[in-house]
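Now for the letters of each chain:
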Amino acid sequence: MVWTGRALLRKYGNFIDNLRILVKGGTGGMGLPRLGGEGGKGGDVWVVAKNGVTMKNLRSKYSQKRAVGGVGVNSSVRALKGLSGDDCLVDVPVGIAVTNDDGIKLGELDREGDKLRVARGGQGGGYRTDFLPSKGQKRIIRLDMKLIADVGLVGFPNAGKSSLLSKVSHAKPEVADYPFTTVRPELGKIMYPDFKQVSMADLPGLIEGAHINRGMGHKFLKHVERTKQLLFVVDISGFQLSYKTPFRTAFETVQLLTLELELYKEELLDKPALLAVNKMDLPGAEDKFQELVKQLENPEDHLHTLPEQMVPEQQINFKHIVPISVATNQGIQDLISCIRRSLDEQAELDIQETGREKLQSLHILPSHNVPYKQLLPPEHTLD
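In this convention, every chain numbers its residues from 1, walking through the sequence in written order. Reporting in this predicted model follows two pLDDT cut-offs: at least 70 for local features of residues, and 80 or more for side-chain atom pairs to be given and counted; totals over whole chains, interfaces and linings ignore these cut-offs and use all residues. Neither water nor hydrogens contribute to the side-chain values; these are computed over all heavy atoms in the structure.

(A) Geometry of the pairing of strand S12 (residues 186–191). For each residue, the accessible area found with a 1.4 Å probe, counting protein chains only, is set against the maximum for its type, and the residue is called buried under 20%, exposed over 50%, and partly exposed in between. What counts as a helix is a DSSP run of H or I of at least four residues, what counts as a strand is a run of E of at least two, and both are numbered from the N terminus. With burial as the criterion, only one face of S12 is covered, namely that bearing Glu186, Gly188 and Ile190; the residues Leu187, Lys189 and Met191 on the opposite face remain uncovered. Pairing between strands is defined by DSSP: at least two bridges between the two strands are required. Summarising the sheet, S12 and strand S13 (residues 197–202) pair through six bridges and their orientation is antiparallel. Of the residues in S13, the one forming a bridge with Met191 is Gln197. Where S12 folds back on S13, the antiparallel hairpin that results is connected by five residues, among which Phe195 adopts a positive phi of roughly 75°.

If you want it as structure tokens, here you go:
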């Protein structure tokens, strides 16, 4: 962490995902006792979601100063009611969670134009306050950037997530043959022939115990919350972080990834999920893949062989299981098509759900042949 004036930031390379900013509502204006005049209210401080704004912009703008609302205008003979002070608008990136310094969530801004008041201006002086104004609310707020992407890549280190992102998009994440290549989130976009764009986030790799903040823990998991769908990426040959840690098969890897998400926040398992099984170019990969598919189709028949602490309470029903090889491009186009199909299906379901909610909110009139007396509430029943 790095202190810069009044702003605290966390950095992963050049990536900043957290800022603390001091905000203060404006002081109210003075009242006018001899004429009963009332001072203007101090300006509020709002955070406003705006496309194109970055956390770096915020750091540059507020590292050396506070966000302060305007002072209310004093009451005068010419204007007994003083004007309110100007509101202070703090532009923030879309996808910001705002908390106070105690970690209590104040709100989230998920769409451009979303606004949240983070500090109220003080009241103007009037007869109730002996014509003395009050100061504005003063607090420190935390702006926590949670990436918003259509698809979030979930996998242990060296599963091939960075390589996959570089294959399907124009992103150029660092790729190497050692764990934790990804130390900061990377974003890429998949471009489809009909000009549809799908954003994909490659996130720092999980390790066992991430839910209790081991490794990159919560830095990874908080970004997963803001993706529409999850794309699990596993190595068909299994995974071993180091010679000191146990070897995990592909099936065990899926269970452990599911468990880490479940223990961090159970609702993450409600997201639609796909599974990309990587490194299918290796010898014996096809037999291992068929075995993995059978295990995932009937997990109850195989979970009893695992230690109890490795078994999640809820299993993920993958919408698509796609064998791929990033090294040879095997299955990459199939995966791209499955991602698009899955997102389109989700969008259609979201539209239907929105329609149902609107229908439920409407007051549907009963059939015209119902007696009018039965349409009236009891207190208005006709004699």
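(B) Representation of the pattern of salt bridges within the structure. Basic side-chain nitrogens of Lys or Arg form a salt bridge, by our definition, when they fall within 4 Å of a carboxyl oxygen of Asp or Glu. Going through the model one piece at a time under the given rule, you end up with 15 salt bridges. Linking Glu345 and Lys319 is a salt bridge whose minimum nitrogen-to-oxygen distance equals 3.2 Å. Of this pair, Glu345 sits in helix H7 (residues 332–361) while Lys319 sits in the loop between helix H6 (300–303) and strand S16 (320–323), and the two are 26 residues apart along the sequence. For Glu345, a relative accessible area of 36% gives the class partly exposed. Bridged by salt links that share partners, the residues Lys105, Glu108, Asp110 and Arg226 form one connected network.

(C) Spatial organisation of the nonpolar core. Phe232, Leu261, Leu275 and Val277 are the most contacted members of the largest nonpolar core, which totals 31 residues. Of all the secondary-structure elements, those providing two or more residues to this core are helix H3 (217–224), strand S14 (227–235), helix H4 (250–264), strand S15 (273–278) and helix H5 (285–297). With six residues, the single largest contributor to this core is H4. We call two residues contacting when some pair of their heavy atoms lies within 4.5 Å. Those residues within four positions of Leu261 in sequence are excluded, and the remaining contacts are Leu221, Val224, Leu230, Phe232, Glu266, Leu268 and Leu269. In this text, buried Ala, Val, Leu, Ile, Met, Phe, Trp, Tyr and Cys residues form a nonpolar core when linked through side-chain atoms within 4.5 Å. Counting 24 residues, the second largest nonpolar core, distinct from the first, contains Leu19, Val23, Val90 and Ile141.

(D) Summary view of a negative patch on the surface. A patch is a set of surface residues, each over 30% in relative accessible area and not in a salt bridge, joined within 9 Å for like charges and within 5 Å for the nonpolar side chains Val, Leu, Ile, Met, Phe, Trp and Tyr. Surface accessibility follows the Shrake-Rupley procedure with a 1.4 Å probe radius. Residue values consider only the protein chains on display as shielding. For the purpose of counting charges, residues Lys and Arg are taken to be positive, whereas Asp and Glu are taken to be negative. His and the chain ends are not included. In plain terms, the charge of a residue is placed at NZ if it is Lys, CZ if Arg, CG if Asp and CD if Glu. Among the surface-exposed residues, Glu266, Glu267, Asp270 and Glu313 lie close enough to one another that they form a single negatively charged patch. Within the element layout of this structure, Glu267 appears in the loop between H4 and S15. For Glu267, a relative accessible area of 52% puts it in the exposed group.

(E) Fine view of H4. Multiplying 1.5 Å by the residue count of a helix minus one yields the expected span of that helix. With 15 residues, H4 ought to run about 21 Å at 1.5 Å a step, and its terminal C-alpha atoms sit 21 Å apart, in line with that. Among the 15 residues of H4, 13 are classified as buried, and the element is accordingly described as predominantly covered.

(F) The arrangement of the confidence of the model for the chain in detail. Confidence scores labelled pLDDT are given residue by residue by the predictor and lie between 0 and 100. For the chain, the average pLDDT comes to 82, and 81% of its residues sit at 70 or higher. Residue range residues 1–13 is modelled with pLDDT below 50. Its contacts to residues more than four positions away, or to other chains, number 42 contacts. A low-confidence stretch, residues 208–217 stays under pLDDT 50, and its non-local contacts, those more than four residues away or across chains, total 24 contacts.

(G) Spatial organisation of the packing of aromatic side chains. Think of it this way: a Phe, Tyr or Trp ring, Trp meaning its six-membered ring, pairs with another when their centres are within 6.5 Å, and the plane angle makes it stacked under 30 degrees, edge-to-face over 60, tilted otherwise. Considering all chains together, one arrives at two aromatic pairs under this definition. Ring centres 5.1 Å apart and planes at 20° place the aromatic pair Phe156 and Phe239 in the stacked group. On the criterion of sequence distance, the pair formed by Phe156 in the loop between strand S11 (149–154) and helix H2 (161–168) and Phe239 in the loop between S14 and H4 is long-range, its members being 83 residues apart. Across this residue pair, the class does not change: Phe156 and Phe239 are buried. Here the aromatic rings of Phe232 and Phe318 are separated by 5.3 Å at their centres, their planes lie at 75°, and the arrangement is edge-to-face.

(H) Inspection of the side chain of Ser75 at higher detail. Within the fold, Ser75 resides in the loop between strand S5 (67–68) and strand S6 (88–92). Polar side-chain contacts of Ser75 include one of 2.7 Å to the backbone oxygen of Leu80. Not counting residues within four places of it along the chain, the set of residues in contact with Ser75 comprises Met30, Gly31, Leu32, Gly37, Glu38, Gly39, Leu80 and Gly82. N or O atoms within 3.5 Å of each other form a polar contact, as long as, within protein, one can give a hydrogen and the other can take it, and as long as residues adjacent in sequence are counted only when both atoms are side-chain atoms.

(I) Structural view of the sheet that holds strand S4 (residues 45–49). Taken together, three strands build an open sheet; the order of strands is S6-S4-S9 and the sheet is mixed. In this open sheet, the two strands that pair with only one neighbour each are S6 and strand S9 (115–119). Strand-to-strand twist of the sheet, defined as the mean angle between neighbouring strand axes without regard to direction, takes the value 30°. In this sheet, S6 lies alongside S4 in parallel orientation, the contact comprising five bridges. Within S6, the position partnered with Val48 by the bridge is Asp91. To obtain each axis, a line is fitted to C-alpha atoms, and for helices this fit is confined to the stretch in contact; angles are then taken between N-to-C directions over 0 to 180 degrees.

(J) Summary view of the packing of H4 against H5. At a closest axis distance of 9 Å, the pairing of H4 and H5 adopts a crossing angle of 40°. Considering their axes alone, H4 and H5 lie oblique with respect to each other. On H5, the residues that touch Ala250, Phe251, Val254 and Gln255 of H4 are Leu292, Gln295 and Leu296. When its residues are assigned to classes, the contact of H4 with H5 shows five nonpolar, two polar and no charged. Oblique is the label for any angle not under 35 degrees, not over 145, and not in the 65 to 115 range, which are roughly parallel, roughly antiparallel and roughly perpendicular in turn. Residues are grouped as follows: nonpolar covers Ala, Val, Leu, Ile, Met, Phe, Trp, Tyr, Cys and Pro; charged covers Asp, Glu, Lys and Arg; every other residue, Gly included, is treated as polar.

(K) The arrangement of the sheet that holds S13 in detail. Spatially, S12-S13-S11-S14-S15-S16 is the arrangement adopted by the six strands of the open sheet, whose pairing is mixed. Of all strands in the sheet, those with a lone pairing partner are S12 and S16, marking the two edges. Direction aside, the axes of adjacent strands within the sheet are offset by 25° on average. Bridge analysis of S11 against S14 gives five bridges, and the strand direction is parallel. Looking at S14, one finds that Val154 is bridged to Phe232. Contacting S11, S12, S13 and S14, H2 runs over the sheet at an angle of about 160° to S13.

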